[in-house]
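# A structural walkthrough
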Amino acid sequence: MTALLPALEAVAFERLPDRRFIARGGVPTWCTAVRPNVDFASPIVLEDVFPFLTVFLPEAERAWGDASSRAPVESDLWTEGDHRGRDVHLRGAAVRVGVSEVLVVLRSDQLFLQHQSLLQRARELRMVHGSLMKQIEQKDIVVHAVVHDLVAPLHTILGILSLLGERPREEPEAGLIQLGIDAAKRQRDLIGEILDIFVVESGGVRDDVHESVDLSDVLRRVVAEREPVARSRGVRIEVTDDGTASVVAEEMRLFRVLTNLLDNALRYAASVVRIRTRREDAVVMVHVEDDGAGVPLELISSLFEKLAHGRDGASGTGLGLFFCRITVESWGGGIGYEKRPEGGSRFWIRLKGAPRRTEERTRKEDRAHGEAPHAG
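Note that the structure is a prediction, hence the values are computed from the model and not measured.

### What to know about a nonpolar patch on the surface
Taken together, the side chains of Leu132, Met133 and Ile136 present a nonpolar region at the surface, about 250 Å² in accessible area. Looking at where Ile136 falls in the secondary structure, it is placed in helix α5 (residues 109-166). In this structure Ile136 comes out as partly exposed when scored by relative accessible area, which is 35%.

Printed below as a string of structure tokens:
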């Protein structure tokens, strides 16, 4: 047994009543190679022989003082040089054995190599991460440049077609101009949709939003903008909204989300689209319903995934509902779909409720004047 510890390249030092240590069970060759002038058969001051242990001994003291603990407390790795100039990598472990306070010093070359390997891997990953961030930055610049180059001439085209459309024209010219305007607007919306997705996936959507947005105001603007589209398709839009709901969101992106859901409903509605809002405790629900054919069963599971196709398997880019999902979820909300019992589709979003802006303004004024908040 006396040869066991040296065979494991470890040496056990027992602490004596005078706080010195003495080696028990034999001394491995590395120990005498590192400290050739030390008599390990006699009591030693351990921190003089291994100065690194000076910072570890207070922690060892706490381990020895806990009589209920049997698990060793280990030190960090350190390196000593032997008499031939070779590195010897060591670590300490303090443990109570019966009534004895023991500090074991182990040679840990393999553990040192593992640590070095991990550090090297961490450095490599940091370099890869830095390179990836540069590529993302370059991609960001390229995408915004491309979007700008696409949008600028598109605005010119829309402007020219709109001017032509205002002049008296005979059919079929008037119809062709209107087709051109509609196609240009769709192209503009598609470019905006692609840019929205890029911004979200690049981390451009904040996940710490605390803004209070008037849902009713945003909803009115969305419906007003899409009302002409609904009339052209023979679809009426019915809104049930008590006008009291404010939500935690970003106003511009909430407008975009509601527009996507309304456009989706208008595309498939037979005669009516219904939008309902209601507050349920701390959340606000928004339902967008249509009386169309509903979503095929095989498409429901992937409805909110990127590049998932619409209800007919071909319409749309497959980006709109994906954008809605990741945007609403970034605000701590949710989105979903359910088939209406009477037929048609119901898309819903769940948003965190927030105080109305008038309430917030009153609270800020109260705090500014040092008054208590109004009750009621």
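### Examining helix α7 (residues 215-232)
Taking 1.5 Å per residue as the helical rise, α7 with its 18 residues ought to reach 26 Å, and the 26 Å between its terminal C-alpha atoms agrees with that figure. The principal kink in α7, of about 45°, is found at Arg226, preceding the proline Pro228 by one to four residues. Restricting attention to buried positions, one finds in α7 the residues Leu215, Ser216, Val218, Leu219, Val222, Val223, Arg226 and Ala230. Once α7 finishes, Gly234 follows within two positions and takes phi at roughly 70°, a positive value.

### Notes on the environment of Gln110
Residue placement: Gln110 occurs in helix α5. Spatially, the C-alpha atoms of Gln110 and His89 are 8.7 Å apart, while their sequence positions differ by 21 residues.

### A short note on the packing of aromatic side chains
This model, assessed by the stated rule, comprises seven aromatic pairs. Centre to centre, the rings of Phe21 and Trp64 are 6.2 Å apart; their planes meet at 45°, and the pair counts as tilted. Within this pair, whereas Phe21 is found in strand β2 (residues 21-24), its partner Trp64 is found in helix α4 (residues 57-65), the two being separated by 43 residues in sequence. Accessibility expressed as a relative area gives 2% for Phe21, which makes it buried. Ring geometry for Phe304 and Phe347: centres 6.1 Å apart, planes at 75°, overall edge-to-face. With Phe304 in the loop between α9 (297-300) and α10 (320-330) and Phe347 in strand β13 (residues 345-354), this pair connects stretches of sequence that are 43 residues apart. Residues Phe304 and Phe347 agree in their burial class; the two are buried. Each residue in the set Phe13, Phe40, Phe50, Phe52 and Trp78 is aromatic and connected to the rest through ring pairs, giving one cluster.

Calculation criteria
Residues numbered from 1 in each chain as written. Predicted model: local features only at pLDDT ≥ 70, side-chain atom pairs only at ≥ 80, totals over all residues. Heavy atoms only, no water. Patch = residues over 30% accessible without salt bridge, like charges linked within 9 Å, V, L, I, M, F, W, Y side chains within 5 Å. Areas by Shrake-Rupley, 256 points an atom, 1.4 Å probe, with all protein chains shown as cover. Salt bridge = Lys/Arg side-chain N within 4 Å of Asp/Glu carboxyl O. Helix = DSSP H or I, 4+ residues; strand = E, 2+ residues; numbered from the N terminus. Buried < 20%, exposed > 50% of the residue type's maximum accessible area, 1.4 Å probe, protein only. Expected span 1.5 Å × (residues − 1). Bend = angle between axes of the 7 residues up to and from the residue. Phe/Tyr/Trp six-rings, centres within 6.5 Å; stacked < 30°, edge-to-face > 60°.

The values are spatial; any link to function lies outside them.
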